[in-house]
Amino acid sequence: MSNIQLNSISAVIIDDDPFIQELLKDKLNQYFPEIQILGLGNNGREGILKIQQLKPNLVFLDVEMTDMTGFEMLSRLDAITFKTIFITSYKHYAIKAIRFNALDYLLKPFDLEELKNAILRFKKNQKSDNVPIALQNLKSKQASDQILILKTQQGELHIQLKDIISIEGERNYSYINMVNSKKELVSKTLSNLEELLEDKGFFRCHKSYLINKLHITENPNGSTLFLSNGMKIPISRRKKDTFNNWFNNELI
Amino acid sequence: MTKKIIEMNAEQQMHYINLENVLAVSRGSTERMLKYLFQFQELIPERLNQLKKAKNQDNRTQIRQILHKMSPQLQFFGIQNIIIPIQRLEFEYETMPNQELEVLVTEIISKLEGALIEVTKTIQKYHV
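Residues numbered from 1 in each chain as written. Chains lettered and ligands numbered in written order. Predicted model: local features only at pLDDT ≥ 70, side-chain atom pairs only at ≥ 80, totals over all residues. Heavy atoms only, no water.

As annotated in an unreviewed UniProt entry, chain B carries the name HPt domain-containing protein and is attributed to Hanstruepera neustonica.

Going by what an unreviewed UniProt entry lists, chain A is known as DNA-binding response regulator and is assigned to Hanstruepera neustonica.

**A word on the interface of chain A and chain B**
When the parts come together, some accessible area is lost, and that loss is often what is quoted as the size of the interface. Let me state the cut-off plainly: Here, two residues are considered to be in contact whenever any of their heavy atoms come within 4.5 Å of each other. Defined here as a combined quantity, buried area equals the accessible surface (1.4 Å probe) lost by two parts on assembly, summed across both. We define a salt bridge as a contact between a side-chain nitrogen of Lys or Arg and a carboxyl oxygen of Asp or Glu at a distance within 4 Å. What qualifies as a polar contact is a pair of N or O atoms within 3.5 Å, subject to a donor-acceptor requirement within protein and to the restriction that residues adjacent in sequence count only when both atoms come from side chains.
Counting residues at the interface gives 19 residues for chain A, matched by 18 residues for chain B. Buried area between chain A and chain B, summed over both chains or domains, comes out near 1,800 Å², and the portion from carbon and sulfur atoms is 53%. At the surface where chain A touches chain B, the tally comes to 6 salt bridges. Between Lys69 of chain B and Asp62 of chain A there is a salt bridge, with its nearest N and O atoms 3.8 Å apart. Along the contact surface separating chain A from chain B lie 8 residue pairs in polar contact (both at pLDDT 80 or more).

**Re the UniProt feature "domain: HTH LytTR-type" (unreviewed entry) in chain A**
What counts here: UniProt positions are given in the numbering used here, feature names are shortened, and annotations may be inferred rather than shown by experiment. What counts as a helix is a DSSP run of H or I of at least four residues, what counts as a strand is a run of E of at least two, and both are numbered from the N terminus.
The positions that UniProt labels "domain: HTH LytTR-type" (unreviewed entry) are, in the present scheme, residues 148-249 of chain A. Span residues 148-249 of chain A is 18% helix and 46% strand, its end C-alpha atoms 24 Å apart.

**So, helix α2 (residues 18-31) of chain A**
All names here are of chain A. The condition is simple: Multiplying one less than the number of residues by 1.5 Å gives the expected span of a helix. Per-residue accessibility, obtained with a 1.4 Å probe over protein chains only, is compared with the maximum for each type, and a residue is labelled buried under 20%, exposed over 50%, and partly exposed between these values.
Taking 1.5 Å per residue, 14 residues should reach 20 Å; α2 reaches 20 Å between its end C-alpha atoms and fits that length. In terms of burial, α2 is largely enclosed, as 10 of its 14 residues are buried. Among the residues making up α2, those that are buried are Phe19, Ile20, Gln21, Glu22, Leu23, Leu24, Asp26, Lys27, Leu28 and Gln30. Two or three places before Phe19, at the start of α2, stands the capping residue Asp17, its side-chain oxygen 3.0 Å from that residue's backbone nitrogen.

Quick look at the structure:
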């Protein structure tokens, strides 16, 4: 992104709460004079119109509005030619979807440091635009078709869930064992990944392992598993019953 | 800033609200401070009425939606001990026993009514 562009960031705020609109507008005006707020949208429908008319390069978008969700609004646009920073309340259920797709977000009522960091990431273009993938993921009927986006030292890793056999935790990092025999290192703990994947056909059968149900080939004695790559994985004694329930019942 | 907040809170005998965030974003502008106070005075009674109605109708989904919408503004106004009950209601609204839900919603309504009185007093003091 060139300096000329940096000097003229045009933004639109879309949120159905007038308080949030005013607060964000004031904070942006006070701390980021380089950001020009072109307009405000009071709901999803207005948001679409504002984006089409004003063509901003940055959109602050509420996750849950009265007429539609932020994701629904984005899916109704013909093209997404701007970056999105989602705005949401603390612990909203959508945060999981936002993290799964490595999207940028801010918690209301906006901590100044978090706002500064989000703007900095936007300026540095650090957050790649994963909105199209997120929309595709939301449309996927099968969880196994969804694409998980993770940060690596080289950049971003986009992995279809069906291609993950298992994940091994190693303190603050995790190794993802893939169907192509590759092993990817990511800077997320196994607990972080468990949170993202637990309702998508994955199970934490041991403190060090998260496994994909699609790749279980054998479960001979209830305490060991065999996976499609030949790996033998232990099941914790205390997880045995939960595992059996999950293995026998849960649909992917 | 801290001294001003303590003075303001003491002068107004504020038990429910804390104007720290309002003053921070106002940066010395009484006009901007009043904008947030007026907005609170305008938005909260309507939502409070919606909340009371939803409580009477035992409409749990509506209760969750109203609280979800109000929550950032209440956090911003530093309303003491209100965020945890709100978060509980937001996440347990489907399963929480009736009696507990009623107690929490009543408690929230009472705090909001107290906060509204304090906001009105502050407006009266600063709005000339």
